[in-house]
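Fold and geometry: a report
Chain by chain, the residues:
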Amino acid sequence: MKPVELKPGIFWVGAVDWAIRDFHGYMTPKGSTYNNYLVLDDEPTLLDGVKAEFADVSLTRIKALIEPGKIKHLIVNHIEPDHGGGLPAILALMPGVPLYCTEKGRKGLQKFHDVSRWDFHIVKTGDTLKIGKRTLLFVETPMIHWPDSMMTYIKEDRVLISQDGFGQHLASTQRFDDEFIECASEALLTEYMWDYYANILMPFGTVIKAKLDEFGKLGVDPVMIAPDHGVIWRNPQKAIGMYRDMIEGKCHERVVIIYDSMWGNTGKLAQAITEGITDEGMDCRVIKLRQCPASEAVKEFWMARGSLLGTPTLNNKIFHYVAQFLAYLEGLKPKNRIASAFGSYGWGGGAVRDAVQKFRDMKLEIFEEGFEANYRPDAGEEQGAYDFGRRFAQAAREYHKRFA
Ligand code: FEO
């Protein structure tokens, strides 16, 4: 359990969680990490905690460098339990250490823990803490990811400790982006950045853009970004570029079909539509919701310019597996995507109409009013679905040009 040195005197002392697959409902097929960092300066400083069950792992790494009781400052950039959960165990070995966080961080921590002996020091954007040769600059980043969140910039080393920002739910033996790319692939790392952003940060694109702009004004110009999940960016411009792309609405020229089916009839429509999209020369991915976590479907939605939602009508409503997905998607406030719906109905219908209306309420670009077939699609309806797919692919291609 060795620490990993980021730069002389700055160490990763976190934990790799190979086993986690369900992160508060967000499926994490590649696990995750809980990163925290120790800076050895005249006044040794620990930045962030870890999840409760990994506190011992982090403390073992810390002890390889220093007796925890000699740590002079504890910075808490984010209080969510995957970082704050381990704080009581860590603080037990450094009693009385000053704890620096935002006011909302203090208020939140006292709801999760007995903080009666914790020595809070509230910081705001622009505040600094001199720990020897180094200066820590604090930047509040509310809603990236919770209201309490902040980031800490180690000025002299130009290292940004970014908590959830620029993170990925990705367990690996490699700690740095370039190492990971060499051992795995750039495409996988990019996909997991998009996955994390889609499921955690999608609603906050405007806030993130404002913060990236504020960084410039505060002199935050990192040569390394060290998030609290996943790999550390030795090429921070790559991570910042990915965020800027997502904020500006960039994504793949691709259509994703996200559907579920009761008796295979909506599935039959999905197949015909896929053929139409493919024959139009458009990249297409297909997700059947009961075979795929909603968080995976959200990632695919976010990576594609166009989305078609397939739903049967059940009791005059959207099929509940599809409705669940829509409820999750709605909260993430997607933007800059074109969408429509399709599905089979028995007698009353209505699910396709309601799904299109949901997309309209989300202020997405709407394509036609969807496509429906009664019971099992006949040859004519299959042809209609195929044509619908072709027209949708054309529309998605045109819409995509707005973001070129
Ligand atoms: Fe990694 Fe918002 O916690």
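In this text, all values refer to a predicted model and were calculated from it rather than measured experimentally. (Residues numbered from 1 in each chain as written. Predicted model: local features only at pLDDT ≥ 70, side-chain atom pairs only at ≥ 80, totals over all residues. Heavy atoms only, no water.)

1. Re the pairing of strand E24 (residues 371-374)
Each regular strand shows side chains that alternate between the opposite faces of the sheet. The following threshold applies: When a residue's accessible area, from a 1.4 Å probe over protein chains only, is under 20% of the maximum for its type it is buried; when over 50% it is exposed; and in between it is partly exposed. To qualify as a helix, a DSSP run of H or I must reach at least 4 residues; to qualify as a strand, a run of E must reach at least 2; elements of each kind are numbered from the N terminus. Strand pairing requires that DSSP identify at least two bridges connecting the strands.
Burial of E24 is one-sided: the residues Phe371 and Ala373 facing one way are buried, the residues Glu372 and Asn374 facing the other way are not. Of the pairings in the sheet, the one linking strand E22 (residues 338-345) to E24 comprises four bridges and is parallel in character. Note on E24: the bridge partner recorded for phenylalanine 342 is phenylalanine 371.

2. Structural notes on the sheet that holds strand E9 (residues 73-75)
Quick note on the threshold: For helices, the axis comes from a line fit to the C-alpha atoms of the stretch in contact; other axes are also lines fit to C-alpha atoms, and the angle between any two N-to-C directions lies between 0 and 180 degrees. Any two residues having at least one pair of non-hydrogen atoms within 4.5 Å are treated as being in contact.
The mixed open sheet is built from seven strands, whose spatial order is E1-E2-E7-E8-E9-E10-E11. Two strands close off the open sheet at either side, each with one partner strand: strand E1 (4-7) and strand E11 (119-122). When the angles between neighbouring strand axes are averaged without regard to direction, this sheet yields 25°. Alignment of strand E10 (residues 98-101) against E11, held across four bridges, turns out to be parallel. From the neighbouring strand, tyrosine 100 faces E11, where its bridge partner is histidine 121. Of the strands in this sheet, E10 and E11 touch helix H4 (residues 103-112), which is tilted by about 115° from E10.

3. Description of the domain arrangement of the chain
Interfaces are often sized by the accessible area lost when the parts come together. We count it as follows: Domains are outlined according to an automatic or database domain assignment. Here the quantity called buried area is the accessible surface, traced with a 1.4 Å probe, that two parts lose on coming together, added over both. Each reported salt bridge corresponds to a side-chain nitrogen of Lys or Arg within 4 Å of a carboxyl oxygen of Asp or Glu. Between N or O atoms, a polar contact is any pair within 3.5 Å; within protein, one atom must be a potential hydrogen donor and the other a potential acceptor, and residues adjacent in sequence are included only when both atoms are from side chains.
In terms of domains, the chain is made up of domain 1 (4-247) and domain 2 (256-399). Residue-level contacts link 13 residues of domain 1 with 13 residues of domain 2. Carbon and sulfur atoms make up 60% of the surface buried where domain 1 meets domain 2, a total of about 1300 Å² over both sides. Taken together, domain 1 and domain 2 are joined by one salt bridge. The closest approach of N and O atoms between glutamate 191 and lysine 299, which form a salt bridge, is 2.4 Å. Across the domain 1-domain 2 interface, the total number found is four residue pairs in polar contact (both at pLDDT 80 or more). Going through the elements one at a time, strand E5 (26-27) and helix H6 (186-201) are the ones with two or more residues in the side of domain 1 that touches domain 2. Among the elements that make up the side of domain 1 that touches domain 2, the one with the highest residue count is H6 (six residues).

4. Here's the deal with the pattern of salt bridges
Summed over all chains, the structure comprises 29 salt bridges. Here arginine 134 ties to aspartate 157 by a salt bridge, and the two come within 2.7 Å at their closest N and O atoms. With a gap of 23 residues between them, arginine 134 in the loop between strand E12 (128-130) and strand E13 (135-140) and aspartate 157 in the loop between strand E14 (150-154) and strand E15 (159-161) connect regions that are remote in the sequence. One salt bridge in this structure joins aspartate 245 and lysine 250, with 3.8 Å as the shortest N-O distance. Aspartate 245 gets classed as partly exposed once you look at its relative accessible area, which sits at 29%. Taken together, the salt bridges that share partners define one network made up of Asp41, Asp42, Lys133, Arg134 and Asp157.

5. Section: the packing of H6 against helix H10 (residues 294-303)
Applicable threshold: Here roughly perpendicular refers to angles of 65 to 115 degrees, roughly parallel to angles under 35, roughly antiparallel to angles over 145, and oblique to all remaining angles. Each residue gets one label: Ala, Val, Leu, Ile, Met, Phe, Trp, Tyr, Cys and Pro are nonpolar, Asp, Glu, Lys and Arg are charged, and the others, such as Gly, are polar.
At a minimum axis separation of 9 Å, H6 and H10 run at an interaxial angle of 105°. As the angle between them shows, H6 and H10 are arranged roughly perpendicular. Within the contact between the two elements, H6 uses Glu191, Trp194, Asp195, Tyr197, Ala198 and Asn199 and H10 uses Ser295, Val298, Lys299, Glu300, Trp302 and Met303. Here the residues of the contact of H6 with H10 sort into six nonpolar, two polar and four charged.

6. Quick look at the nonpolar core
Soluble, globular proteins show a tendency: their nonpolar side chains are buried together. So the rule is basically this: We call a set of buried residues a nonpolar core when its members are Ala, Val, Leu, Ile, Met, Phe, Trp, Tyr or Cys and they connect through side-chain atoms within 4.5 Å of each other.
If you look at the biggest cluster of nonpolar residues, it comprises 70 residues, and the most contacted ones within it are Phe166, Leu201, Ile258, Leu309 and Phe359. With nine residues, the top contributor of residues to this core is H6. The contacts of phenylalanine 359, once residues within four sequence positions are left out, are Phe301, Leu309, Leu326, Leu329, Ala339, Ser340, Leu364 and Ile366. One finds Ala270, Phe371, Ala393 and Phe403 within the second-largest nonpolar core, a separate group that totals 24 residues.

7. Observations regarding unusual backbone geometry
Geometrically, the link from isoleucine 144 to histidine 145 is a cis peptide bond, its omega value of 25° lying close to zero. As for its position among the elements, histidine 145 is in the loop between E13 and E14. Of note, the phi angle at glutamine 163 is positive, near 40°, even though the residue is not glycine. One can find glutamine 163 in the loop between E15 and helix H5 (177-183). In this structure, lysine 363 is a non-glycine residue whose phi angle is positive, near 65°. Among the secondary structure elements, lysine 363 is positioned in the loop between helix H12 (351-361) and strand E23 (365-366). With relative accessibility at 72%, the residue lysine 363 sits in the exposed group.

8. Remarks on the packing of H10 against helix H11 (residues 320-331)
Keep this limit in mind: Take the far helix as your reference; a near helix turned counterclockwise from it by less than a right angle gives a left-handed crossing, and one turned clockwise gives a right-handed crossing.
At a minimum axis distance of 10 Å, the contact between H10 and H11 shows a crossing angle of 55°. Looking at the two axes, H10 sits oblique to H11. The handedness of the crossing between H10 and H11 is right-handed. Counted together, Ala294, Ser295, Ala297, Val298 and Phe301 of H10 and Phe325, Tyr328 and Leu329 of H11 form the full contact between these two elements. Broken down by class, the residue content of the contact of H10 with H11 amounts to seven nonpolar, one polar and no charged.

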